[in-house]
Amino acid sequence: MAPRFRRPILLVAFALSIVALSIVGGVPVAEAACNHPPRVGVDWTKCEKRRLNLSGQDLSTGKFGYTDFSRSDLKDVRFVRADLSEAEFSKARLEGADLSEARMIKTHGDRADFRKAKLVGVDMTKAEMGRADFTGADFSGAVMVKAELGRSILVDANLEGVDLSRAEIARAVFRGARLTGSNFGGAYTYLTRFEGADLSETTGLEQSQLDVACGDDATVLPASLERPSSWPCSDD
């Protein structure tokens, strides 16, 4: 073969090899990954998993960055040590799910159901969880720095040792929550509902934060702070 034809043929062969590597059984690699069945360690990065019934599945250590789980049934699913950064859980059901030590940085979960979920040691830095229901959930040791939890329900939740510094917890409900060792430094507490909560062993709370929050006679305060004259708040 004449030397002048070898270079174009080699370039074509190289291009065809790249295409072959990007195709699996006639399906693009990215799409094929999204079609993988649920299992431990699955990689569903950027996949659409909306309105699915995945209840009871074990997805521990999986990769779900930017994955859309909105409105899916994820009851009792195991996401232990999974990467859920910037995943979408809006209006999803995660009741009883185990998300222990999961990475949930900037994860979205507006109006999601996390009742009795296990979130021990989870990293929810800058997560957006407005109006989510965390009734009875276990957050012990979690990081929730700058998390958005406006109007979320944290009734009877375990928040012992949780870092809520600079979190947005306006109108969130903490009635009956366990708060020993929780850090509220710089948290935005406008009309935060602390009725019946024991705040005596929390850290970072300042008088100005309590003055705009809500409490009642059953609220227990740190020794250095005073009960605001505006308490109890109205039900509005």
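Residues numbered from 1 in each chain as written. Predicted model: local features only at pLDDT ≥ 70, side-chain atom pairs only at ≥ 80, totals over all residues. Heavy atoms only, no water.

## Here's the deal with the overall build of the protein
Helix and strand counts for the protein stand at three helices and two strands. Reading the secondary structure of the protein in the N-to-C direction produces α-β-β-α-α. Relative to its 236 residues, the protein shows a buried fraction of 43%. Of the contacts made within the protein by residues no fewer than 6 positions apart, 3% connect residues no fewer than 24 positions apart. For the protein, the accessible surface area stands at approximately 12000 Å², while carbon and sulfur atoms represent 50% of it. (Helix = DSSP H or I, 4+ residues; strand = E, 2+ residues; numbered from the N terminus. Buried < 20%, exposed > 50% of the residue type's maximum accessible area, 1.4 Å probe, protein only. Contact = heavy atoms within 4.5 Å. Areas by Shrake-Rupley, 256 points an atom, 1.4 Å probe, with all protein chains shown as cover.)

## Notes on the environment of Glu-168
Along the polypeptide, Glu-168 turns up in the loop between helix H2 (29-34) and helix H3 (207-211). Residues Glu-168 and Lys-146 lie 22 residues apart in sequence; the distance between their C-alpha atoms is 6.6 Å. With residues near it in sequence (within four places) discarded, Glu-168 still touches Ala-147, Glu-148, Leu-149, Gly-150 and Tyr-188.

## Some details on a nonpolar patch on the surface
Side chains of Tyr-188, Tyr-190 and Val-212 sit close together on the surface and give an oily, nonpolar patch of about 290 Å² of accessible area. With respect to the element layout, Tyr-188 can be found in the loop between H2 and H3. Since its relative accessible area comes to 47%, Tyr-188 is described here as partly exposed. (Patch = residues over 30% accessible without salt bridge, like charges linked within 9 Å, V, L, I, M, F, W, Y side chains within 5 Å. Salt bridge = Lys/Arg side-chain N within 4 Å of Asp/Glu carboxyl O.)

## Digging into the nonpolar core
Counting residues in hydrophobic clusters, the biggest one holds 59 residues, and the most contacted among them are Phe-79, Leu-84, Leu-99, Phe-134, Phe-139 and Phe-174. Other than its neighbours up to four places away in sequence, Phe-134 contacts Phe-114, Leu-119, Met-124, Met-129, Phe-139, Leu-149, Ser-152, Ile-153, Leu-154, Val-155 and Ala-157. (Core = buried A, V, L, I, M, F, W, Y, C linked by side-chain atoms within 4.5 Å.)

## Points about the confidence of the model for the protein
Averaged over all residues, the pLDDT of the protein equals 90, while 86% of them reach at least 70. When mean pLDDT is compared element by element in the protein, H3 scores highest at 98, while strand E1 (residues 23-24) scores lowest at 41. Within the model, the stretch residues 9-29 combines pLDDT values under 50 with nine contacts to residues more than four positions away or in other chains. (pLDDT = per-residue confidence, 0-100.)

## Focus: the packing of aromatic side chains
One pass over the structure, following the stated rule, counts 13 aromatic pairs. With 5.9 Å between their ring centres and 70° between their planes, Trp-44 and Phe-64 make a pair best called edge-to-face. Of this pair, Trp-44 sits in the loop between H2 and H3 while Phe-64 sits in the loop between H2 and H3, placing them 20 residues apart in sequence. With respect to class, Trp-44 is no different from Phe-64; both count as buried. Between Trp-44 and Phe-69, the ring centres sit 6.5 Å apart and the planes meet at 50°, which makes this aromatic pair tilted. Highlighted residues: Trp-44 in the loop between H2 and H3 and Phe-69 in the loop between H2 and H3, separated in sequence by 25 residues. Given a relative accessible area of 1%, Trp-44 falls into the buried group. Through a chain of ring-to-ring contacts, the aromatic side chains of Trp-44, Phe-64, Phe-69, Phe-79 and Phe-89 assemble into a single cluster. (Phe/Tyr/Trp six-rings, centres within 6.5 Å; stacked < 30°, edge-to-face > 60°.)

## Looking at a positive patch on the surface
A surface patch of like charges, here positive, comprises Arg-51, Arg-71, Lys-91, Arg-111, Arg-131 and Arg-151. Following the sequence through the fold, Arg-51 ends up in the loop between H2 and H3. Judged by its relative accessible area of 57%, Arg-51 falls in the exposed class. (Lys, Arg positive; Asp, Glu negative; His and termini not counted. Charge placed at Lys NZ, Arg CZ, Asp CG, Glu CD.)

## Observations concerning the side chain of Asn-158
Looking at the element boundaries, Asn-158 is found in the loop between H2 and H3. Looking at Asn-158, the relative accessible area reads 10%, which means it is buried. Looking at Asn-158, its side chain comes within polar contact range of the side chain of Asp-138, at 3.1 Å. If sequence neighbours within four positions are ignored, Asn-158 has contacts with Ala-137, Asp-138, Phe-139, Ser-140 and Arg-178. (Polar contact = N/O pair within 3.5 Å; in protein donor to acceptor, adjacent residues only side chain to side chain.)

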